[in-house]
Amino acid sequence: MDKIDIRSLTLPELQEETAAMGLPKFRAGQIYSWLHQKYAASFDEMTNLGKDLRETLNERFELPNCTIVKKLESAVDGTIKYLYKLDDGEIIECVLMKYKYGYSICVSTQIGCNMGCTFCASTIGGCVRNLRPSEMLAEIYTAARDCGERISHCVLMGMGEPLQNYDNVLRFLELLTDANGMNMGARHISVSTCGIVPRIYDLMELHPQFTLSVSLHAPNDDIRRQIMPVSRKWPIEELLAACKDYTEATSRRISFEYAMIRGVNDTDACAEELAQRLKGMLCHVNLIPANEVRENDYQRSTDDRLRAFSAILDRRGITTTIRRTLGPDINASCGQLRRSHQANNKGEPV
């Protein structure tokens, strides 16, 4: 019989499982606390359970975890980048960032990505598989155990397209925000998408409290199709219509992510067109200095260009920020450390 993934179970589901084992009801609460509050990495750590029970749990359940393969800590701002190995040997990345308000973590939702965005290292090599809820939680719990700090915010902006792993991501969020578990506030969570339009409408029906972040990166289809293949299936007009419907139905502001690539999408004309596209929408634009990746020739926009682009949007009434570059000395952007690890293991140049 296949083992049950215990960390992906809700508390009521775990109560059903333990009841079927003939255990008293309070045992489920004890186990759940070990899993989601004490971040137990094995059943042996659950010291208030008897040895025989721990052995029974180990026979019946699996407890997926992350093992730290590599850890890079920025001397500039304390950002920590983790390279994790999963139980099946696959490699993923996770980034822990320190802000004035506390610690925020950027988690991966897939091993790799198949969206094909030409400026992103995560998509090189495609998507191996989706991550389970337990594995996404393990990214956070492993980092929390390692740093010894409470992690209060989470962004699903690491490797992968979260809305292609829709059901697992929703279960992950349910467990992450559970008052009996880590109890992270939903409004401290951001879920990104490159524009899976049908899933935006699915989310709209749920009226979520987390922030939806849409990777836009261009003001029109001519540019967007060059750098984001998803735009060939869902053109920008269709995507922005879905975003507008989402904001009107949920009263939640959408964050548009915009990676500034020199000479591609960072001109004054692009800024003017973007402002016109977003006029009247409940939204915020986050300008991001593009990450320079070895496998492509893209260069990030200059600081002057970022400020000029931002000024145009501000003048047109679009709330805009420029994202602070974190961990510049450790290549803290998603996908790069995993690619380097893979290349080293294959003897390729990095």
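Use the structure listed above.
Residues numbered from 1 in each chain as written. Predicted model: local features only at pLDDT ≥ 70, side-chain atom pairs only at ≥ 80, totals over all residues. Heavy atoms only, no water.

(A) Representation of the side chain of Ser-231 in the model. Inspection of the secondary structure assignment puts Ser-231 in helix H8 (residues 230-233). Looking at Ser-231, the relative accessible area reads 0%, which means it is buried. A polar contact of 2.9 Å, which involves the side chain of Ser-231, links it to the side chain of Asp-221. Residues within four places of Ser-231 in sequence aside, it is in contact with Asp-221, Arg-224, Arg-225 and Ile-236. (Helix = DSSP H or I, 4+ residues; strand = E, 2+ residues; numbered from the N terminus. Buried < 20%, exposed > 50% of the residue type's maximum accessible area, 1.4 Å probe, protein only. Polar contact = N/O pair within 3.5 Å; in protein donor to acceptor, adjacent residues only side chain to side chain. Contact = heavy atoms within 4.5 Å.)

(B) The pattern of salt bridges, seen in detail. Per the stated rule, a full pass over the model turns up 19 salt bridges. Across the salt bridge formed by Glu-135 and Arg-132, the nearest N and O atoms sit 3.9 Å from each other. Among the ionic pairs, Glu-272 bridges to Arg-316, the shortest N-O distance being 2.5 Å. On the criterion of sequence distance, the pair formed by Glu-272 in helix H10 (residues 268-278) and Arg-316 in the loop between helix H11 (303-315) and strand E14 (320-322) is long-range, its members being 44 residues apart. For Arg-316, a relative accessible area of 34% corresponds to the partly exposed category. Residues participating in the shared-partner salt-bridge network are Asp-5, Glu-62, Asp-88, Arg-129, Arg-132 and Glu-135. (Salt bridge = Lys/Arg side-chain N within 4 Å of Asp/Glu carboxyl O.)

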